[in-house]
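Examination of the molecular architecture
The chain contents come next:
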Amino acid sequence: MAAPQVSIVIPVYNEEPGLPALFARLYPALDALHRSYEVIFVNDGSRDRSAALLREQFHQRPDVTRVVLFNANYGQHTAIVAGFERCRGEQIVTLDADLQNPPEEIGKLLAAMDAGHDYVGGVRRTREDSWWRRAASRSMNRLRERTTHIRMTDQGCMLRAYSREIVDCVAASREVSTYIPALAYTFASKPTEVEVAHEERAAGESKYSLYQLIRLNFDLITGFSLVPLQLFSMFGMAVSAVALVLYVIVMIYRLFFAEWHGALNAIWDRDILAFFLIGMVLFGLGLIGEYVGRIYQQVRERPRYSIRAVLERGEQDLPDARMPATDRVPVRRAP
Ligand code: UDP
Ligand code: MG
């Protein structure tokens, strides 16, 4: 295969109910762009028949389809990195597999790339998610704007386009836990945003629980900013200063105005102060743990994922017998 102009990278995790609809809309939308393209699906260890459907699709359109099958679930962003490491297009577009990002909007992103931008973020015009998801992401957006240099109107939108240079940088980053749109942004020289439509999930359900969303946002803040750590030391310093001043005042009054003694003893409540400080220390320990944990992950330098098979022209396909039963399908051999 000659290198195509455009690579589409799509992470897939338990998307069996929605994949047929995705294939039916994605390929015609890409054909309509009149650019050479490849679609790279990364199956992130789905437990349903997603891998089988992807194999089937590969055999239907082997000229433009490539499939990476992880052997376990490593997360959406790791799946995207795997796609980035293999894609060959000059313009790379990421997309969700659940049709929440309409494939018909890809042309808009590419037009902005043609206009000279190296990073195009999608901004969802109307967001078809639950109210708490929208509220949570609004406040996380605000927090990120304050604590990092990353400017994105809609950090949750995965319909984005990147230049080859940016994708190479992301692929070369040996970071373990990362948030691709933010990491890519740090390499961008001329970023822009375009409005895109957003639809309700075509089928299946969201793969993110509230806890995972909190983790993801924690990664985003601690991954790109030291502000939490610095805020903590600022806070600690302020508290110590106040405590010191209070202590001096109490000492002076005790020495010179003995009759004030009782009133000031009430303010100088050691138990409350102790609890307060213990809480602060624990909070600080947790924060330090967060950074130490990242260092720990980094120094281990584990491979971020392991691949069971890659389906593309010229590659050796795994014999069906070695695939788990769910992935085995009777398929036509690629011509
Ligand atoms: N995804 C993945 N691995 C995961 C979780 C999600 O590859 O561990 C994929 C999923 O198949 C979809 C995309 O990431 O293509 C976004 O997931 P989802 O739609 O569940 O997230 P939401 O839209 O609810 O934020
Ligand atoms: Mg979704």
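Computed from a predicted structure; not experimentally measured.

Points about the pattern of salt bridges
Using the criterion set out here, one finds 23 salt bridges in the structure. Between Glu312 and Arg66 there is a salt bridge, with its nearest N and O atoms 2.4 Å apart. Note that Glu312 is positioned in the segment after β8 (307-311) and Arg66 in strand β3 (residues 65-70), a separation of 246 residues in sequence. In this structure, Glu312 and Arg66 share a single accessibility class: buried.

A look at the site of ligand 1
Of all residues adjacent to ligand 1, which total 17 residues, the nearest are Glu15, Asp44, Asp98, Ser206 and Lys207. Within the side chain of Glu15, one N or O atom sits 2.7 Å away from an oxygen atom of ligand 1. Interatomic distance of 2.5 Å between a side-chain N/O atom of Ser206 and an oxygen atom of ligand 1. Here ligand 1, which alone exposes 530 Å², has 92% of that area covered by the protein. The residue makeup of the shell around ligand 1, split by class, is five nonpolar, five polar and seven charged.

As for the sheet that holds strand β5 (residues 119-124)
Spatial strand order, β7-β5-β6-β4-β1-β2-β3-β8: eight strands in an open sheet with mixed pairing. The outermost strands of the open sheet, each flanked by one partner alone, are β7 (191-196) and β8. Put simply, the sheet's adjacent strands are angled 20 degrees from each other on average, direction ignored. Sheet topology note: the strand β1 (residues 6-12)/strand β4 (residues 91-94) ladder contains four bridges and is parallel. Directly across from Val6, in β4, lies its bridge partner Gln91.

Examining the layout of surface pockets
Roughly 220 Å³ of volume is contained in the second largest pocket. In terms of lining, the second largest pocket is formed by 13 residues, of which the most central are Leu143, Phe218, Ile221, Pro228 and Leu287. Per-element tally for the lining of the second largest pocket: the top contributor is helix α8 (residues 210-224), with five residues. Residue classes in the lining of the second largest pocket are distributed as ten nonpolar, three polar and no charged.

The rules behind each value
- Residues numbered from 1 in each chain as written.
- Chains lettered and ligands numbered in written order.
- Predicted model: local features only at pLDDT ≥ 70, side-chain atom pairs only at ≥ 80, totals over all residues.
- Heavy atoms only, no water.
- Salt bridge = Lys/Arg side-chain N within 4 Å of Asp/Glu carboxyl O.
- Helix = DSSP H or I, 4+ residues; strand = E, 2+ residues; numbered from the N terminus.
- Buried < 20%, exposed > 50% of the residue type's maximum accessible area, 1.4 Å probe, protein only.
- Near = heavy atom within 4 Å.
- Polar contact = N/O pair within 3.5 Å; in protein donor to acceptor, adjacent residues only side chain to side chain.
- Areas by Shrake-Rupley, 256 points an atom, 1.4 Å probe, with all protein chains shown as cover.
- Nonpolar A, V, L, I, M, F, W, Y, C, P; charged D, E, K, R; others polar.
- Pairing = 2+ DSSP bridges.
- Axes fitted to C-alpha atoms, helices over the stretch in contact; angles between N-to-C directions.
- 1 Å grid on protein atoms, 1.4 Å probe; cavity = no way out; pocket = protein on both sides within 12 Å on 5 of 7 lines; lining within 4 Å.
- Points joined across faces, edges and corners; volume = space filled by probe spheres on them.

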